[in-house]
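Given next are the chains, with one letter for each unit.
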2 protein chains.
Amino acid sequence: MPGRILVVDDVAANRLIARAKLTASYYDVIEAESGEQAIELAEREQPDLILLDVLMPGIDGFETCRRLKSGRTTMHIPVVMLTALDQQADRLRGLDAGADDFLSKPYPDMALFTRVSSLIRMKQMIDELRLRHETSRELGLEGLTSIDAGLNFADSSVLLVCDSSDLMAGTVADIRNRLGCAIETAEGEAAARALLASNRYDACVIGPNLSDGEPMRIASLLRARPETRQTSVMMVFPPGDLSKAHLAMEMGVADYLTYPPDFAELTARLKVQLRRKHYSDRLRSSMHDTLVMAVTDPLTGLYNRRYTNNHLESLIARHQPGGQGLAAMALDLDRFKSINDSHGHGAGDEVLREFARRLSENVRGIDLVSRVGGEEFLVVMPDILAENAERVAERVRAAVEETGFRLKDTPAPLSVTVSIGLAFHRPGEAGSTLINRADAALYASKNSGRNMVTLAAAA
Amino acid sequence: MPGRILVVDDVAANRLIARAKLTASYYDVIEAESGEQAIELAEREQPDLILLDVLMPGIDGFETCRRLKSGRTTMHIPVVMLTALDQQADRLRGLDAGADDFLSKPYPDMALFTRVSSLIRMKQMIDELRLRHETSRELGLEGLTSIDAGLNFADSSVLLVCDSSDLMAGTVADIRNRLGCAIETAEGEAAARALLASNRYDACVIGPNLSDGEPMRIASLLRARPETRQTSVMMVFPPGDLSKAHLAMEMGVADYLTYPPDFAELTARLKVQLRRKHYSDRLRSSMHDTLVMAVTDPLTGLYNRRYTNNHLESLIARHQPGGQGLAAMALDLDRFKSINDSHGHGAGDEVLREFARRLSENVRGIDLVSRVGGEEFLVVMPDILAENAERVAERVRAAVEETGFRLKDTPAPLSVTVSIGLAFHRPGEAGSTLINRADAALYASKNSGRNMVTLAAAA
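Draft legend 1. A look at the overall build of chain A. Along chain A, the regular secondary structure elements total 15 helices and 18 strands. Taking 459 residues into account, the globule formula puts the C-alpha radius of gyration at 23 Å, and chain A, at 30 Å, lies well above it. Across the 459 residues of chain A, 58% fall into the buried class. Taking contacts inside chain A between residues at least 6 apart in sequence as the whole, the part at least 24 apart equals 68%. Within chain A, the 64 negative side-chain charges are centred at a point lying 3 Å from the centre of the 53 positive side-chain charges.

Structure (structure tokens):
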């Protein structure tokens, strides 16, 4: 998986070596000689990965990483930190600063390429999600929840797969204390399969010593099923088994450690995975929220006309000829214009919202309630007897008339009424015809003095 | 990249062998013994890839493939066909039936795993796109264009990278004739880089003999740059270089052939790539269309209130204090309720659409025009002198009054007028305050007899 890599090192010779290795594997390389320059280049060039030296004059690697990870346009770019020695303290500081991974110099080429290609692949998947999200942003459609909102680890859940005799089992309480996340353990493959079938985990850590199964098979299972594909998988390999690590990362395993793992590092790396999982989850759900917004009336939260038009025909198609009826109720607030004119738009909006609330409270959960125009609403009621539909319509009318609408800047409650037209679906009738008949009945209500329910003619 | 693979073969022994090989590489395997069963399983289990035998009783592999590729829920699943011998005719028939690739039995494991893992990776990327698209479908938001619409190869463009002395250069006219697509050639790496910098190609075929560069580097370049990452890359390797094919597919190259390629097969494989590219392009653009719909008023095609609210503040922020002014124009059709009441909703909708047309024609391209309520509209005009804004408002008013509105079911043109309020932005003023002042001026127009423009008080 090629990509563009930003190499950040103040020593030109180190940059040269990295460039030579990466170019030989067909990566595209750009270079920065300081943290400041790295941030500027990362923003402008949007590389797929950043190899970041820790020791640099000016802002050091940790601070550079922290800034990259808090910049809106750079936070999604994976950062691999390069430490001069295998300094445990540096690794933890780096992970804490938001680094996605790190390598100790001199790093073996295999380790470099394994980590780099896995991170770039994940980044390119997230890019697809970000692309949609950026379009939403440009259109002013950013979801109801902000993408950048922080992650509370207490909301995360982790599965640890290892035998109870394994010393890794001892980390459970430690991870729970440090992160506050929910964590469960599965003893071996069978237990893991059972738990994965019914639970959703944000991350799964798989130990090397399973009495009844093979760690790689569990990882593969997680990656193969659509339901668990989003779970971050971390594996722990005995030092002699590191060749498997390459295959594991090829399979989409997100990270690995050697056995026995340093528990502080295990926790720090788990944090990285939970953060990444959280970010892609947010991108996914923000897109979903945006789509929901497209069919929602922003003022009342009801469905909009677009949604109703698109769903009316399918509701009718699903409607069984032998079953109960399907009814459409058209509603229009009486003399709404004069509310707007005498109390202002703000008051008009309040009336619409309060009306939407009373309307929703007086229909059934399965009814499709939408605002189809300024003060016009439509309710489609599937599977309902004519007499019940009439009762619902009358209940809505009464609920509006009986209690005045209390508005923020208006001392006395405002008296509001609604006119309603009700039509029952006839076999073979098109949705638009049904709506037209409900509309005609609504106009009859208006012409007969308003604040009443009129039934559409049967034919 | 593990995944779930459906193995389709009527011979149990063949299924066993495939299962053993795939399971050893951590793939999850399901089996079907006939084409009919394969289609049923593919629909229900949604595997990541289908290995499909050609020769089977009942419907054969070709017909099975054709049906899978025309089913809405299975068309995106890659199909690799297994032919008994290296039958050129079968390969072409398979590709023609929509197969993504094929292998000749007995196939080398390396070839199997290279093709399988590359196809699964592509599928999982497309799955991300499909997921969004399915949500849109459920919400009734399917884009303005259908995803399943056919591909006209004449709209595709292809780049062939090879030296003019290479016999592959001779295929250009042939591909153009067979597919009708636009095709260009680049002689070597430098020429390819120049063309790729300024052009977008749907697919790129890279030959093995370049006088001035390395084929793999061109492939890497295509995959590394976000602008060209969506281009399908096919490579042609000399038979001795097939080990490179594995690395190439790891890098995201979509397909490869051996040199010299059979030109009919090259064309057939190119078709597969162009189809896949077209499908993912459609998914991307459908999502974009859906997002645009969320900020558009479906009746008039103007922006909706949500968009205006989200963009008003940023328009004001961009507005230079020393520059020309920013103006907001609030518009409301006069006595619109009576049009609806006497001519029906359909006529009311026609009036709104015609008004939106006249309004858009009489403002500037940079002005933000939106329908903010039933018959209420708002225009935000950045960088405009007060006198010009007044001229625009008066022009809109006159354009509505001067010519009656011709409606479908109404014999005589309908006389329509509009009331307008115009406010100029004051330094430091919030967008909502500006709109409120424009609204107040609009009400003044209404109260002074309608069909006029009123300027908001300066303070």
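Further notes follow.
Draft legend 2. Geometry of the sheet that holds strand β1 (residues 4–8) of chain B. All names here are of chain B. Reading across from one edge, β2-β1-β3-β4-β5 is the order of the five strands in this open sheet, with parallel pairing throughout. Both edges of this open sheet fall to β2 (28–32) and β5 (101–104), since each of them pairs with a single strand only. Strand-to-strand twist in this sheet, taken as the mean axis angle between neighbours without regard to direction, amounts to 20°. Two strands pair when backbone bridges link them, and β1 and strand β3 (residues 49–53) are joined in this way by four bridges, in the parallel orientation. Paired with Leu-6 across the strands is Ile-50, a residue of β3. Along the sheet, helix α1 (residues 12–24) makes contact with β1, β2 and β3, crossing β2 at roughly 165°.

Draft legend 3. View of the relation of the copies chain A and chain B. Once turned by 180° and shifted 0.0 Å along the axis, chain A lies on chain B with an RMSD of 0.1 Å. The symmetry that links the two subunits is that of a two-fold axis. By residue overlap, the copies meet face to face through one surface: 98% of the interface positions of chain A are interface positions in chain B.

Draft legend 4. Structural detail: the interface of chain A and chain B. Contact residues are listed per partner, giving 61 residues for chain A and 60 residues for chain B. For the pairing of chain A and chain B, the buried interface totals around 5600 Å² over both sides, and the portion due to carbon and sulfur atoms is 54%. A per-residue breakdown of the area chain A buries against chain B is headed by A:Tyr26, A:Leu291 and A:Arg306, which together make up 14% of the total. The residue A:Asp332 makes a salt bridge to B:Lys337 at a minimum N-O spacing of 3.4 Å. Linking chain A to chain B there are 16 residue pairs in polar contact (both at pLDDT 80 or more). Secondary structure elements with two or more residues in the side of chain A that touches chain B: α5 (109–138), α8 (215–224), α9 (242–250), α10 (263–294), α11 (305–318), α12 (336–343), α13 (345–361) and α15 (431–447) of chain A. Among the elements that take part in the side of chain A that touches chain B, α5(A) stands out by supplying 10 residues, more than any other.

Draft legend 5. Layout of the packing of helix α7 (residues 188–198) of chain A against α8(A). Residues and elements named next belong to chain A. Where α7 meets α8, the axes come as close as 10 Å, and the angle between the chain directions of the two elements is 15°. With respect to their mutual orientation, α7 and α8 come out roughly parallel. The handedness of the crossing between α7 and α8 is right-handed. Here Glu-189, Ala-192, Arg-193 and Leu-196 of α7 come into contact with α8, specifically with Arg-217, Ile-218, Leu-221 and Leu-222. When the residues that make up the contact of α7 with α8 are grouped by side-chain class, the tally is five nonpolar, no polar and three charged.

Draft legend 6. Up close: the packing of helix α6 (residues 171–179) of chain B against helix α10 (residues 263–294) of chain B. Residue and element names in this part refer to chain B. Packing of α6 against α10 leaves a shortest axis separation of 10 Å and a crossing angle of 55°. With respect to their mutual orientation, α6 and α10 come out oblique. Between α6 and α10 the crossing geometry is right-handed. On α10, the residues touching Thr-171, Asp-174, Ile-175, Arg-178 and Leu-179 of α6 are Phe-263, Ala-264, Leu-266, Thr-267, Leu-270, Lys-271 and Leu-274. Tallied by class, the residues present in the contact of α6 with α10 amount to seven nonpolar, two polar and three charged.

Draft legend 7. Inspection of the packing of aromatic side chains at higher detail. Across all of its chains, the model carries eight aromatic pairs over all chains by this definition. Cation over ring: A:Arg115 sits above A:Tyr256, and NZ or CZ is 4.0 Å from the ring centre.

Draft legend 8. Spotlight on the environment of B:Cys181. One can find B:Cys181 in the loop between α6 and β7 (182–186). You can call B:Cys181 buried: its relative accessible area is 2%.

Draft legend 9. The arrangement of the domain arrangement of chain A in detail. We note that the domain assignment places domain 1 (1–123), domain 2 (146–279) and domain 3 (305–458) within chain A. A separation of 60 Å is found between the C-alpha centroids of domain 1 of chain A and domain 3 of chain A.

Draft legend 10. Region of interest: α15(A). Residue and element names in this part refer to chain A. The end-to-end C-alpha distance of α15, which contains 17 residues, comes to 24 Å, matching closely the 24 Å that a straight helix rising 1.5 Å per residue would cover. The complete set of buried residues in α15 reads Gly-431, Leu-434, Ile-435, Arg-437, Ala-438, Asp-439, Ala-441, Leu-442, Tyr-443, Ser-445 and Lys-446. Of the residues one or two after α15, Gly-449 is the one with positive phi, at around 115°.

Draft legend 11. Region of the structure containing the sheet that holds strand β3 (residues 49–53) of chain A. Residues and elements named next belong to chain A. Strands sit in the order β2-β1-β3-β4-β5 across an open sheet of five strands; the sheet is parallel. Looking along the sheet, the strands with just one partner apiece sit at the ends: β2 (28–32) and β5 (101–104). Across the sheet, the axes of successive neighbouring strands diverge by a mean angle of 20°, strand direction being ignored. One ladder, built from four bridges, connects strand β4 (residues 79–83) with β5; its direction is parallel. Bridged to Met-81 within β5 is Phe-102. Along the sheet face, helix α3 (residues 61–70) touches β3 and β4 and points at about 175° away from the line of β4.

Draft legend 12. Broad picture of α10(A). Residues and elements named next belong to chain A. With 32 residues, α10 extends 46 Å from end C-alpha to end C-alpha; this agrees with the ideal 46 Å at 1.5 Å per step. Of all 32 residues in α10, 24 are buried, a share of seventy percent or more. Its side-chain oxygen placed 3.1 Å from the backbone nitrogen of Ala-264, Asp-262 serves as the N-cap of α10.

Draft legend 13. Focus on the confidence of the model for chain A. Per-residue confidence for chain A gives a mean pLDDT of 88, with 96% of residues at or over 70. For chain A, per-element mean pLDDT is lowest for α11(A), which scores 80, and highest for strand β17 (residues 418–424) of chain A, which scores 97.

What counts as what
- Sequence order as written defines residue numbering, which begins from 1 separately in each chain.
- Chain letters start at A and ligand numbers start at 1, both assigned in the order the entries are written.
- Totals for whole chains, interfaces and linings use all residues, but because this is a predicted model, local features are given only for residues with pLDDT of at least 70 and pairs of side-chain atoms are given and counted only at 80 or more.
- Side-chain figures throughout are based on the complete set of non-hydrogen atoms in the structure, without hydrogens or water.
- By definition, any uninterrupted DSSP run of H or I lasting at least four residues is a helix, any uninterrupted run of E lasting at least two residues is a strand, and each is numbered from the N terminus.
- Here the radius of gyration uses the C-alpha set of atoms, whereas the globule reference equals 2.2 Å times the residue count to the power 0.38.
- When accessible area is computed with a 1.4 Å probe and restricted to protein chains, residues below 20% of their type maximum are described as buried, those above 50% as exposed, and intermediate ones as partly exposed.
- The contact criterion used is simple: two residues touch if any of their non-hydrogen atoms lie within 4.5 Å.
- Two residue types count as positive, namely Lys and Arg, and two as negative, namely Asp and Glu; His and chain ends fall outside the count.
- In plain terms, the charge of a residue is placed at NZ if it is Lys, CZ if Arg, CG if Asp and CD if Glu.
- Strand pairing is defined by DSSP finding a minimum of two bridges between the two strands.
- Under this scheme, a helix contributes an axis fitted over its contacting stretch, all axes are lines through C-alpha atoms, and angles between N-to-C directions fall in the 0 to 180 degree range.
- We superpose the copies by least squares over the C-alpha atoms of residues that have a pLDDT of at least 70 in both of them.
- Two parts placed together each lose some accessible area; with a 1.4 Å probe, that loss summed over both constitutes the buried area.
- A side-chain nitrogen of Lys or Arg and a carboxyl oxygen of Asp or Glu constitute a salt bridge if their distance falls within 4 Å.
- Residues adjacent in sequence count toward polar contacts only when both atoms are side-chain atoms; beyond that, a polar contact is any pair of N or O atoms within 3.5 Å, and within protein one must be able to donate a hydrogen and the other to accept it.
- By the definition adopted for this analysis, an angle is roughly parallel if under 35 degrees, roughly antiparallel if over 145, roughly perpendicular if from 65 to 115, and oblique otherwise.
- Note on convention: the crossing is left-handed when the near helix lies turned anticlockwise from the far helix by less than a right angle, right-handed when the turn is clockwise.
- Amino acids are sorted into nonpolar (Ala, Val, Leu, Ile, Met, Phe, Trp, Tyr, Cys and Pro), charged (Asp, Glu, Lys and Arg) and polar (every other residue, Gly among them).
- Aromatic pairs are defined between Phe, Tyr and Trp rings, using the six-membered ring for Trp, whenever the two ring centres lie within 6.5 Å; interplanar angles under 30 degrees are classed as stacked, those over 60 as edge-to-face, and all others as tilted.
- By definition, being over a ring means that NZ of Lys or CZ of Arg is both within 6 Å of the ring centre and within 35 degrees of the ring normal.
- Each domain span listed reflects an automatic or database assignment of domains.
- To estimate how far a helix should reach, multiply one less than its number of residues by 1.5 Å.
- pLDDT measures how confident the predictor is about each residue, on a scale from 0 to 100.

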